[in-house]
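Here is what each chain is made of, one letter per residue.
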Amino acid sequence: MAQHRKPLWDAELDEDFQDVDLNLAIGTYGQSGLYDDAQPRIDEATLIAMQQQVAQQQAFAQIPDVVKRFIAHFHKAVLEHNLAEITVAYESGWNRLTEKFYSKTEWPEAEVIAPLVNDDQIFLILYRELYYRHVYSRLTPDIDDRFHSYENSCELFNYLLNSDGPVELELPEQWLWDIIDEFIYQFQSFCVWRSKVKNKTEEELALLAEGSQVWSSYSVLNVLYSLIQKSKINEHLIALQDSKSAEEIAEIVGEYGTRPLYKLLGYFSIIGLLRVHSLLGDFTLALKVMENVELNQKSPFTRVTACHVTTYYYVGFCYIMLRRYPDAIRSFVSILNFILRMRQYHTRSYQYDQINKTADRMYALFAICNALSPTRVDDNISNIVKERYGEQFAKMSRGEEGIPAFEELFLYACPKFIAANPPPYDDPELLQAYIDEPPVEPAQRHLQLFLDEVRAQAPVPTLRSFLKLYTSLDASKLANFLDADEEEMVQQLMVMKQASRSVSRVENEKGLLDGQITSTSDLDFVINENMVHIAESTVGRRYAGWFIRNTEHAQRVLDTLRNAPLPIPPKPAAQQGDAGKSGDAQPSAPAPRTGGQKVAWGSAKAA
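Keep in mind the model is a prediction, meaning the values are calculated, not measured.

Engineer: In this structure, what is going on with the pattern of salt bridges? I would like to understand it.
Structural biologist: Any two side chains of opposite charge can pair, on the condition that their charged atoms come close. Using the criterion set out here, one finds 15 salt bridges in the structure. The shortest N-O distance in the salt bridge between R330 and D327 comes to 2.2 Å. A residue pair is termed a helical-turn pair when its members lie 3 or 4 positions apart in one helix, as R330 and D327 do in helix α15 (residues 325–341) at three residues. Overall, D327 belongs to the buried group, its relative accessible area being 3%. When the shortest N-O distance is used, the salt bridge between K395 and E391 registers 3.5 Å. Separated by four residues within a single helix, K395 and E391 lie in helix α18 (residues 379–396), roughly one turn from each other. Relative accessible area serves as the criterion here: at 34%, K395 is assigned to the partly exposed category. The exposure class assigned to E391 is exposed, which follows from its relative accessible area of 57%.

Engineer: Explanation requested: the nonpolar core in the structure shown.
Structural biologist: One broad trend across soluble globular proteins is that nonpolar side chains are buried collectively. Core analysis: the largest hydrophobic core is formed by 140 residues, its most contacted members being F74 and F450. Aside from chain neighbours lying at most four places away, what touches F450 is I320, M321, I368, L372, F406 and F410. Counting residues in each nonpolar core, the second largest holds 17 residues, with L463, L478, L493 and L523 among its members.

Engineer: Help me out: how do you make sense of the sheet that holds strand β5 (residues 531–536) in this one?
Structural biologist: Adjacent strands of a sheet pair through backbone hydrogen bonds, lying either parallel or antiparallel. Taken in spatial order, the three strands line up as β1-β5-β4 in an open sheet, and their pairing is antiparallel. At either end of the open sheet lies a strand with only one pairing partner, and these are β1 (472–474) and β4 (523–528). Between one strand and the next, the sheet's axes are offset by a mean angle of 25 degrees, whatever the strand orientation. Pairing between β4 and β5: six bridges, direction antiparallel. Bridge assignment links F525 to a residue of β5, and that residue is I534. Each of β4 and β5 is contacted by helix α24 (residues 486–499), which is oriented at about 140 degrees to β4, the strand it contacts most.

Engineer: I'm lost on a negative patch on the surface in this one. Help?
Structural biologist: The grouping of E106, E109, D142, D144 and E203 at the surface amounts to a negative patch. Among the structural elements, D144 can be located in helix α6 (residues 143–162).

Engineer: Can you help me understand helix α11 (residues 246–257) in this one?
Structural biologist: Given 3.6 residues to a turn, an α-helix orients residues that are three or four positions apart in the same direction. Taking 1.5 Å per residue, 12 residues should reach 16 Å; α11 reaches only 12 Å between its end C-alpha atoms and comes up short. Looking at α11, one finds that the buried residues are I249, V253, Y256 and G257. Looking straight down α11, one finds its buried side chains confined to an arc of 45 degrees; they lie on one side. Residues of α11 that are exposed and point over 90 degrees away from its buried face: E247, E251 and E255. Buried residues belonging to α11 abut α9 (217–231), α10 (233–241) and α12 (260–280).

Engineer: Any chance you could explain the packing of aromatic side chains here in plain terms?
Structural biologist: To describe a pair of aromatic rings, one takes the distance between the centres and the angle between the planes. Evaluation of the coordinates by the stated rule reveals 27 aromatic pairs. On the numbers, 5.7 Å between centres and 40 degrees between planes, the contact of F74 with W175 is tilted. With a gap of 101 residues between them, F74 in helix α2 (residues 65–79) and W175 in helix α7 (residues 173–194) connect regions that are remote in the sequence. Ring centres 6.3 Å apart and planes at 85 degrees place the aromatic pair F283 and F417 in the edge-to-face group.

Engineer: How should the pairing of β5 be read in this particular structure?
Structural biologist: Looking along a regular strand, one sees side chains alternate from face to face of the sheet. Pairing of β1 with β5, which is carried by three bridges, proceeds in the antiparallel orientation. Residue pairing in the sheet places S472 in a bridge with H533 of β5. Here β4 folds back onto β5, and the loop between the two strands holds two residues, one of which, E529, carries a positive phi near 55 degrees.

Engineer: Would you mind going over the packing of α10 against α11 with me for this structure?
Structural biologist: In helix packing, the relevant descriptors are the interaxial angle and the interaxial distance, both defined with respect to the helix axes. The contact between α10 and α11 brings their axes to 9 Å, and the two run at 155 degrees. Judged on the interaxial angle alone, α11 and α10 are roughly antiparallel. Classified by chirality, the crossing of α11 by α10 is left-handed. Taking contact as the criterion, the partners of E235, H236, A239 and L240 in α10 are, on α11, I249, I252, V253 and G257.

Engineer: Any chance you could explain α12 here in plain terms?
Structural biologist: End to end, α12 covers 30 Å across 21 residues, agreeing with the expected 30 Å (1.5 Å per residue, within 8%). Judged by how many residues are buried, α12 sits mostly within the fold: 18 of 21 residues are covered. With its phi angle positive at about 95 degrees, G281 sits one or two positions after the end of α12.

Engineer: Please clarify how unusual backbone geometry should be interpreted in this entry.
Structural biologist: Backbone phi values are negative for most residues with the exception of glycine, while trans is the configuration of most peptide bonds. Within the chain, H81 stands out as a residue other than glycine whose phi angle is a positive 55 degrees. Its place among the elements puts H81 in the loop between α2 and α3 (83–101). Within the chain, R323 stands out as a residue other than glycine whose phi angle is a positive 60 degrees. Structurally, the position occupied by R323 is in the loop between α14 (305–321) and α15.

Engineer: Is there a simple way to think about the environment of F366 in this case?
Structural biologist: Along the polypeptide, F366 turns up in helix α17 (residues 352–372). Between the C-alpha atoms of F366 and R330, which are 36 residues apart in sequence, the distance is 9.4 Å. Residues contacting F366, with those up to four places away along its chain left out, are I329, F332, V333, V377, I381 and V385.

Engineer: Mind showing me how you'd approach the confidence of the model for the protein chain here?
Structural biologist: A low pLDDT score tells you not to read the predicted coordinates there in detail. Looking at the protein chain, the pLDDT average stands at 81 and 84% of residues meet or exceed 70. Note on residues 1–5: pLDDT is under 50 here. Beyond four places in sequence and across chains, it has six contacts. Across residues 581–607, confidence stays below pLDDT 50; counting only partners more than four residues off in sequence or on other chains, it has 17 contacts.

Rules used throughout
- Residues numbered from 1 in each chain as written.
- Predicted model: local features only at pLDDT ≥ 70, side-chain atom pairs only at ≥ 80, totals over all residues.
- Heavy atoms only, no water.
- Salt bridge = Lys/Arg side-chain N within 4 Å of Asp/Glu carboxyl O.
- Helix = DSSP H or I, 4+ residues; strand = E, 2+ residues; numbered from the N terminus.
- Buried < 20%, exposed > 50% of the residue type's maximum accessible area, 1.4 Å probe, protein only.
- Core = buried A, V, L, I, M, F, W, Y, C linked by side-chain atoms within 4.5 Å.
- Contact = heavy atoms within 4.5 Å.
- Pairing = 2+ DSSP bridges.
- Axes fitted to C-alpha atoms, helices over the stretch in contact; angles between N-to-C directions.
- Patch = residues over 30% accessible without salt bridge, like charges linked within 9 Å, V, L, I, M, F, W, Y side chains within 5 Å.
- Areas by Shrake-Rupley, 256 points an atom, 1.4 Å probe, with all protein chains shown as cover.
- Lys, Arg positive; Asp, Glu negative; His and termini not counted.
- Charge placed at Lys NZ, Arg CZ, Asp CG, Glu CD.
- Expected span 1.5 Å × (residues − 1).
- Arc of directions from axis to C-beta.
- Phe/Tyr/Trp six-rings, centres within 6.5 Å; stacked < 30°, edge-to-face > 60°.
- Parallel < 35°, antiparallel > 145°, perpendicular 65-115°, else oblique.
- Left-handed = near helix turned anticlockwise from the far one by under 90°.
- pLDDT = per-residue confidence, 0-100.

Structure follows, in structure tokens:
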């Protein structure tokens, strides 16, 4: 199997390849003797081309041999559609060579390594995709990187969507997800960078004025919707839900939908649309595009862990902004439990750090949801939330005092929202007005909308604490507790009643926007004339989880004891006697207990 043998390019990470000859078609870069003194004068364009060729030759000479072998091996695997070799090179080889040679610098440009791959334009597009991803993740992209990465993405998607028939290309699932994910990330990064007008140079302002369509929201959405339509992935998902046969599904989706490349790109584009619409602030549409995707462990997105985590993060956040806190809690609990179970696997993933950061943000969002809609949930998740955000959670339960804590966690855990429209770089007067009176940043706008909902529920925690003490209570007495008149007290009770009602999904509903109005609180009340009657539903403790956790803890303690080193045995009595004679007035150690059977670590066992 390809996973169990070491590729040729990988061997030099452990030893030198002094005796391996690299038989590659490498150009001579103008050293064929054509350019000598006898040749007529060279024009400027030819001179520039020669200089570029010499520069490429020098850059090529600086590439380590192991990197050249890796690129040649990678190209060969792509040409042969060898998914196993492509996966090893993509997930292991690229990252290992990056750490060794390019952790703080760019990989060689595509034009430099072109001779290694016989100037294969399709592979060079894929190579540039990896090249710009490395620039965005490890370095700081400049405006040329941002524009060129957009052009390369356009070339890739034009090749996939506008070729005559499905293209002959096979890539692993992880790479296909990363292509969609990185495309959206670079769009998001460009929008955030573009919105900061004050720190732009004259050259950048001129380029932004000319390239108004670069990384536009329309172009990004157009790519994602086109991939969905080309692959007919929604029709595929509906056919699967209707239990149609493989032959019927193949007839429905056509030649594109039957190819794994297009099917997975279409599926991941649905998750991409969820993310883009969330970044643009349209949370209802974000969940609407997911109507044919089922959130369960059998869905295709679970095969790529990063996609799995991203899906649940954005679904949960959309539910928060739609005030559907129970649905958000269920989403976060499901994925956080999955991450806890799969922790050992994640440590071997090159995306471990990113998954961990997203999980930490989901714990913060979970704390917000549980403060606004108190619910008894999984003890494992609750304990981790108390450990990480216990102080903020306590503040959020105090009504108006907890507003700063809500703001802190929301800004930490929310996505980096973007504005759909760019600043008016093509009109100097409007641009100056934009600088003088900049609009509210998208994150602050969504924060204010969220805090308005929080402030409306601010009296609820105090009122809830009083109602939990009684089964019936006189209205005037409750008003005295709240330091308010009866009319204001009734308003607070109505706010609490409204806060305890929410649209929530039930088991029979498939769409993420579907649901029924249910009670989300364990405390309910009715007002009868001047009396408030309270009914509290208590949930019994889940003993199974308690026993499982403590059994696991006992097993860990036992394993620790078994793996601990044995104690150092004491010296024999004869050696201690000799040492006492040679020393001067040194106190002798107490003699070991005798009369029992000697055991492994040197002490005596009582008979």
